[in-house]
Amino acid sequence: MWPYPKVVAHRGGGKMAPENTLAALLCGLEYGFHAVEFDVMLARDGVPVVVHDPYLGRTIPGSGNIYDYDAAELVTMDAGSWFAPRFKGEPVPLYVQFVDACRQHGIWMNVEIKPAPGFEEETGRAVATLTQALFGLQIAADDPLQVPLFSSFSTVALEAARLAAPAIPRALLLDDAPADWRDQAKRLDAVAIHVNHKKLTRQFARDIRDAGLGLFCYTVNDPVRARELLSWGVDALCTDRIDIIGADFAG
Ligand code: G3P
Ligand code: MG
């Protein structure tokens, strides 16, 4: 049901490095993480880049939206200074660069498709099409650890990804679970549900597992809670606290 790692570094290196940067990925590696979650969005020219917010201002100095800039402009921007001076100049990564780095270091990927509002279908399709091209051989070899797992809060993006690259597995991301979560997962042919751990109850965990789906929780930063979730049968979790919830955290 869940052939993937149990503990995943959120946004590359959690709270130990600027999120969604190559520096974060390397930081996660230093902490022993070979599994990562990161967010992917489209630049103005349709090129997928690794970033969380659809606008500049928090992690990237400037104003406007990510889709106001081409990827070539975004990669020159500073996504590190907001976190700490020593990360000044750390660029916004292209998705392909992030994939390259993950492959080079044997890191499993949970690719969160993060469309800017209004770009759901386009983003799902573009990310899936590119991923299919990058991972054709691995998809054919059917080794789950060599192929990314897509997730998204957007069912439109996930459906577009399914149509563009049906063999790349998908997970439905939920905050407040809708009553028809089972039907949504079924329609998307999803392999897992990714839930906000704050909204998860023991019963809901049981229901997800009874539906034959993998169960992943975001974003768990307290080892006591992590232990409880694992005792409920949660398959995996991502964490910002890679310093206290290690890659080998056993519960
Ligand atoms: O994929 C899990 C988690 O990252 C979802 O929320 O906002 O941190 O991308 P967010
Ligand atoms: Mg995310």
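Calculation criteria
- Residues numbered from 1 in each chain as written.
- Chains lettered and ligands numbered in written order.
- Predicted model: local features only at pLDDT ≥ 70, side-chain atom pairs only at ≥ 80, totals over all residues.
- Heavy atoms only, no water.
- Helix = DSSP H or I, 4+ residues; strand = E, 2+ residues; numbered from the N terminus.
- Rg over C-alpha atoms; globule rule 2.2 N^0.38 Å.
- Buried < 20%, exposed > 50% of the residue type's maximum accessible area, 1.4 Å probe, protein only.
- Contact = heavy atoms within 4.5 Å.
- Areas by Shrake-Rupley, 256 points an atom, 1.4 Å probe, with all protein chains shown as cover.
- Lys, Arg positive; Asp, Glu negative; His and termini not counted.
- Charge placed at Lys NZ, Arg CZ, Asp CG, Glu CD.
- Salt bridge = Lys/Arg side-chain N within 4 Å of Asp/Glu carboxyl O.
- Donors = N, O, S within 2.8 Å, 3.2 Å for Na, K, Ca; no water.
- Phe/Tyr/Trp six-rings, centres within 6.5 Å; stacked < 30°, edge-to-face > 60°.

1. What about the overall build of the protein?
Okay, step 1: On a plain count of helices and strands, the protein comes out with nine helices and nine strands.
Okay, step 2: For a compact globule of 251 residues, the expected C-alpha radius of gyration is about 18 Å, and the protein comes in at 17 Å, within 12% of that figure.
Okay, step 3: Considering only C-alpha atoms, the protein reaches an extent of 45 × 40 × 35 Å along its principal axes.
Okay, step 4: Relative to its full complement of 251 residues, the protein shows a buried share of 53%.
Okay, step 5: Counted over contacts in the protein with a minimum sequence separation of 6, partners at least 24 positions apart contribute 56%.
Okay, step 6: Total accessible area computed for the protein in this model is approximately 10600 Å², and 52% of it derives from carbon and sulfur atoms.
Okay, step 7: Each charge class in the protein can be summarised by its mean position, and for the 23 positive and 32 negative side chains these summaries are 6 Å apart.

2. Some thoughts on the pattern of salt bridges
Okay, step 1: With the rule as written, the count across this model stands at 16 salt bridges.
Okay, step 2: Residue Arg162 is joined to Glu159 by a salt bridge in which the shortest nitrogen-to-oxygen separation is 2.9 Å. Of this pair, Arg162 and Glu159 both sit in helix α6 (residues 155-164), three residues apart, which is roughly one turn of the helix.
Okay, step 3: Residue class for Arg162 comes out partly exposed when judged on its relative accessible area of 26%.

3. Considerations on the coordination of the magnesium ion (ligand 2)
Okay, step 1: Note on the magnesium ion (ligand 2): its protein donors are Glu37 (OE), Asp39 (OD) and Glu112 (OE). The metal-donor distances range over 2.0 to 2.2 Å.
Okay, step 2: Read from N- to C-terminus, the donor residues coordinating the magnesium ion (ligand 2) fall into the pattern E-x1-D-x72-E. Of this pair, Asp39 sits in strand β2 (residues 35-42) while Glu112 is found in strand β4 (residues 108-113), placing the two residues 73 residues apart along the sequence.
Okay, step 3: Using a relative accessible area of 0% as the deciding quantity, one classes Asp39 as buried.
Okay, step 4: Judged by its relative accessible area of 5%, Glu112 falls in the buried class.

4. A closer look at the packing of aromatic side chains
Okay, step 1: Using the criterion set out here, one finds eleven aromatic pairs in the structure.
Okay, step 2: Seen in terms of ring centroids, Trp2 and Phe216 are 5.9 Å apart; in terms of plane orientation they differ by 35°. Their pairing is tilted. Of this pair, Trp2 sits in the segment before β1 (7-10) while Phe216 sits in strand β8 (residues 214-218), and the two are 214 residues apart along the sequence.
Okay, step 3: A residue is classified by how much of its surface remains accessible, and Trp2, at 12% relative accessible area, is buried.
Okay, step 4: The class for Phe216 is buried, based on a relative accessible area of 1%.
Okay, step 5: Centre to centre, the rings of Phe153 and Tyr218 are 5.9 Å apart; their planes meet at 85°, and the pair counts as edge-to-face. One end of the pair, Phe153, is in the loop between β5 (149-152) and α6; the other, Tyr218, is in strand β8, and 65 residues separate them in sequence.
Okay, step 6: Through a chain of ring-to-ring contacts, three or more aromatic side chains come together here, namely Trp2, Tyr4, Trp108 and Phe216.

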